There are 2 protein chains.
Amino acid sequence: MNSPLRVAVTGAAGNIGYALLFRLAAGDCYGMEQPIILHMVEIPPAMKALEGVAMELSDAAFPLLHGIEMADNPNDGFKGVNQAFLVGAMPRGAGMERADLIQANGPIFVAQGKALESAAAADVHAVVVGNPCNTNALICSSNARGLPAGRITAMTRLDQNRAVSQLANKAGVLASDIGRMAVYGNHSPTMFPDFLHATIKGQPVADTLDQAWLEGDFMTTVAKRGSAIIKARGASSAASAASAAIDHMKSVWHGTADGEWVSMAVPSRGEYSVPAGLIYSYPVTISNRAYQIVEGIEHGQYAQKKIAASADELVRERDLVADLLA
Amino acid sequence: MNSPLRVAVTGAAGNIGYALLFRLAAGDCYGMEQPIILHMVEIPPAMKALEGVAMELSDAAFPLLHGIEMADNPNDGFKGVNQAFLVGAMPRGAGMERADLIQANGPIFVAQGKALESAAAADVHAVVVGNPCNTNALICSSNARGLPAGRITAMTRLDQNRAVSQLANKAGVLASDIGRMAVYGNHSPTMFPDFLHATIKGQPVADTLDQAWLEGDFMTTVAKRGSAIIKARGASSAASAASAAIDHMKSVWHGTADGEWVSMAVPSRGEYSVPAGLIYSYPVTISNRAYQIVEGIEHGQYAQKKIAASADELVRERDLVADLLA
């Protein structure tokens, strides 16, 4: 048995946090030989509910859960952590525009970036789940320059998984039959799920599925899936978001399979003509806990336009938070 | 890869169901080589929310999830199922006594017993999670006499896990250091968590922990844990109950470790002077998907009294539902 990994979860008393914590403690992310100590971080008014979550976690008697820490601030919460799931964020209130949301979240991620830099373990990896996650990750990493570049990433795995699910259902195959489903750009309706390079049982998706459906219903269903779920469930995606966060960190931890790639928003260095410095989702491969952006993929005009449009949106988001970037 | 197992979950759109489904689909119960097809069963008014849960499950792109079926009745829902988690039950309304609750739930479990007998696979195993689970399981199995005895059990694993958690926290050890923590009786405050035969790192609990604490705070904390969690979280135990249900069925599926036992409410044949026919929680060992009640444990007067008191309560519950027993 390895020595325990310290794993932080912010927004730990929220719905995504609740779905995430039990799967982490069950071994779904780091495997059955890796004990963990959970660092649950919340805002002060949520500490009582968090106490209840801690009771339930303890009551599950997980063999791999070697400790539970609770904190109402990131400086205490991130002490010595090796992995961080930054789930907590300001929810979008009634009548709030995306720009308002971006600005409301800024200060949270300034503080979390500083805390990761000063308090976390030297090998820390963090994934930002709280929205707008790309720009939150940008603020966070800009305030944690002492960490190696690329240690703070943002989650577009839920978009990838949603795209996989749409393709699998339409083609009547299993999710595991879909390969190389990369999502480019911002975790927002401008993202581009690149069906042109995705595969079904190793063959191009376009060999099986209709191009009009792919450019039409497929794209809009993936982009608007979040609201469709709210409409059906009466609550926003929680367990599927937690599951994608686990997939993201599992890929970071265990690496990607040979020939496969996953989607992850990482600092751009100009790949695919995206302005350097943005936190942009690309297909990546991972080994030894370091990702590499997949380069050399040929994109036609249709894809290039979409890749550029999502980058443009992220530039505008960056402008909105310019004063928070160190 | 094995051929898929059909796994039913009733109350699938509820909070325990929501926590349970994603862990089942992730492989937490049947392992990473066992694909499953989920049969989600709900009552008609919950079908729209269930649709949202199905969307999220699909969006998690689980490699092991080979299908999702939905039904608004157990006859359709249990068709061909090999495993069934009977989670859905009437919740206790304001001013409702336990007796009212028992009678309100009766017809649900009559119908489910009949449906298990007529529609499920010949190898079906079912666990009743919905409360009052022992008496619900009694009604259910009494209406499914075509199934071999003991195929329908009730869950006291959450009580066991809560007891383990209390002992581990008090002794400052890991949950996995606690052994043989058996719960006897009804899943209600009369249950008896037998600390007298439980072990810490193989040694009797009483070697480490104070007898007064064990007979006092320990017993009441375990018995009243459910309400303490509602108080803290503002919602009843969901993820810890789902986790215990997984532990229960995992034990049925994979068996128990050598020298270890688990708690499960099963049909009594008079063991420990409990009236035969009650669904009573005992320590059991399991191999080849068949349990055996651990016999020959010596109980002193203190334990005998508690074991009898919980049996008495179950006799009274049985009397309340006498007209529903076939």
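Participant: So what about the relation of the copies chain A and chain B? Which residues, and what values?
Facilitator: Once chain A is rotated about the relating axis by 180° and shifted along it by 0.0 Å, it coincides with chain B to within an RMSD of 0.0 Å. Between the two chains, the operation in question is that of a two-fold axis. A share of 100% of the interface residues of chain A reappears at the interface of chain B, consistent with the copies meeting face to face through the same patch.

Participant: Lay out the sheet that holds strand E11 (residues 203–204) of chain A in plain terms, naming residues and giving numbers.
Facilitator: All names here are of chain A. Taken in spatial order, the three strands of this open sheet run E7-E10-E11, and their pairing is antiparallel. This sheet does not close on itself; its edge strands, each paired only once, are strand E7 (178–179) and E11. Note that E7 and strand E10 (residues 199–200) share two bridges and pair antiparallel. Bridge pairing in E10 links Gly 179 to Thr 199.

Participant: Could you give an account of helix H10 (residues 301–320) of chain B, naming the residues involved and the relevant values?
Facilitator: All names here are of chain B. Taking 1.5 Å per residue, 20 residues should reach 28 Å; H10 reaches 29 Å between its end C-alpha atoms and fits that length. Within H10 the residues assigned to the buried category are Ala 303, Ile 307, Ser 310, Ala 311, Glu 313, Leu 314 and Glu 317. Projected onto a plane normal to the axis of H10, the buried residues spread over an arc of 155° and lie on a single side. What points out from H10, more than 90 degrees from its buried face, is the exposed set Gln 301, Lys 305, Arg 316 and Asp 319. The elements touched by buried residues of H10 are helix H4 (98–119), helix H5 (133–142), strand E8 (182–184), strand E9 (192–194) and strand E13 (279–287).

Participant: Account for the domain arrangement of chain A, naming residues and giving values.
Facilitator: All names here are of chain A. By the assigned domains, chain A splits into domain 1 (5–154) and domain 2 (157–320). Its C-alpha centre places domain 1 at a distance of 23 Å from the equivalent point of domain 2. Facing 34 residues of domain 1, the contacting portion of domain 2 comprises 33 residues. Between domain 1 and domain 2, the buried area comes to about 2600 Å², and carbon and sulfur atoms account for 65% of it. Our enumeration of links across domain 1 and domain 2 arrives at one salt bridge. Two residues, Glu 317 and Arg 98, come together in a salt bridge whose shortest N-O distance is 2.9 Å.

Participant: So what's going on with the environment of Val 110 of chain B? Residues and values would help.
Facilitator: Residue and element names in this part refer to chain B. Structurally, the position occupied by Val 110 is in helix H4. Along the sequence, Val 110 and Arg 6 sit 104 residues apart, while their C-alpha atoms lie 22 Å from each other. Beyond its immediate sequence surroundings of up to four residues, Val 110 is in contact with Ile 139, Asn 143 and Leu 324.

Participant: So what's going on with the pairing of strand E4 (residues 83–86) of chain B? Residues and values would help.
Facilitator: The two faces of the sheet receive side chains in turn, since in a regular strand these alternate between them. Residue and element names in this part refer to chain B. Going residue by residue along E4, you find Gln 83 and Phe 85 tucked away on one face and Ala 84 and Leu 86 tucked away on the opposite face as well. In this sheet, E4 lies alongside strand E1 (residues 5–10) in parallel orientation, the contact comprising four bridges. Bridge assignment links Ala 8 to a residue of E4, and that residue is Ala 84. Where E4 and strand E5 (residues 125–128) come together, four bridges link them in parallel fashion.

Participant: Could you give an account of the packing of helix H4 (residues 98–119) of chain A against helix H5 (residues 133–142) of chain A, with specific residues and numbers?
Facilitator: Residues and elements named next belong to chain A. Here H4 crosses H5 at 40°, and the two axes come no closer than 7 Å. The angle between H4 and H5 falls in the class oblique. Here the hand of the crossing between H4 and H5 comes out right-handed. Between H4, through Ile 102, Asn 105, Gly 106, Phe 109, Val 110, Gln 112, Gly 113 and Leu 116, and H5, the contact on the second element is made entirely by Thr 135, Asn 136, Ile 139 and Cys 140.

Participant: Outline the side chain of Glu 42 of chain A, supporting the account with residue identities and numerical values.
Facilitator: Take Glu 42 of chain A: it is sitting in the loop between strand E2 (36–41) and helix H2 (47–59). Here Glu 42 of chain A is buried and forms no salt bridge, its nearest opposite-charge partner Arg 233 of chain B lying at an N-O distance of 11 Å. Ignoring any residue separated from it by four or fewer positions in sequence, one finds Glu 42 of chain A in contact with Gly 11, Ala 12, Ala 13, Gly 14, Met 47, Leu 50, Ala 71, Asp 72 and Asn 73 of chain A.

Participant: Tell me about the interface of chain A and chain B, and please be specific about residues and values.
Facilitator: Where interface size is given, it is often the accessible area lost as the parts come together that is meant. On the side of chain B, 41 residues touch chain A, which itself brings 40 residues to the contact. Taking both partners together, chain A and chain B bury about 3300 Å²; carbon and sulfur atoms supply 59% of that area. Run the count over chain A and chain B and you get six salt bridges. The closest approach of N and O atoms between Arg 233 of chain B and Glu 56 of chain A, which form a salt bridge, is 3.1 Å. In this structure, the connection of chain A to chain B is made through 22 residue pairs in polar contact (both at pLDDT 80 or more). Of all the secondary-structure elements, those providing two or more residues to the side of chain A that touches chain B are helix H1 (15–25), H2, helix H6 (157–171), helix H8 (225–233) and helix H9 (239–254) of chain A. Take the side of chain A that touches chain B: its biggest share by element is eight residues, from H2 of chain A.

Rules and cut-offs
- Residues numbered from 1 in each chain as written.
- Chains lettered and ligands numbered in written order.
- Predicted model: local features only at pLDDT ≥ 70, side-chain atom pairs only at ≥ 80, totals over all residues.
- Heavy atoms only, no water.
- Least-squares fit on C-alpha atoms with pLDDT ≥ 70 in both.
- Contact = heavy atoms within 4.5 Å.
- Pairing = 2+ DSSP bridges.
- Helix = DSSP H or I, 4+ residues; strand = E, 2+ residues; numbered from the N terminus.
- Expected span 1.5 Å × (residues − 1).
- Buried < 20%, exposed > 50% of the residue type's maximum accessible area, 1.4 Å probe, protein only.
- Arc of directions from axis to C-beta.
- Domains from an automatic or database assignment.
- Buried area = accessible area lost by both parts, 1.4 Å probe.
- Salt bridge = Lys/Arg side-chain N within 4 Å of Asp/Glu carboxyl O.
- Axes fitted to C-alpha atoms, helices over the stretch in contact; angles between N-to-C directions.
- Parallel < 35°, antiparallel > 145°, perpendicular 65-115°, else oblique.
- Left-handed = near helix turned anticlockwise from the far one by under 90°.
- Lys, Arg positive; Asp, Glu negative; His and termini not counted.
- Polar contact = N/O pair within 3.5 Å; in protein donor to acceptor, adjacent residues only side chain to side chain.

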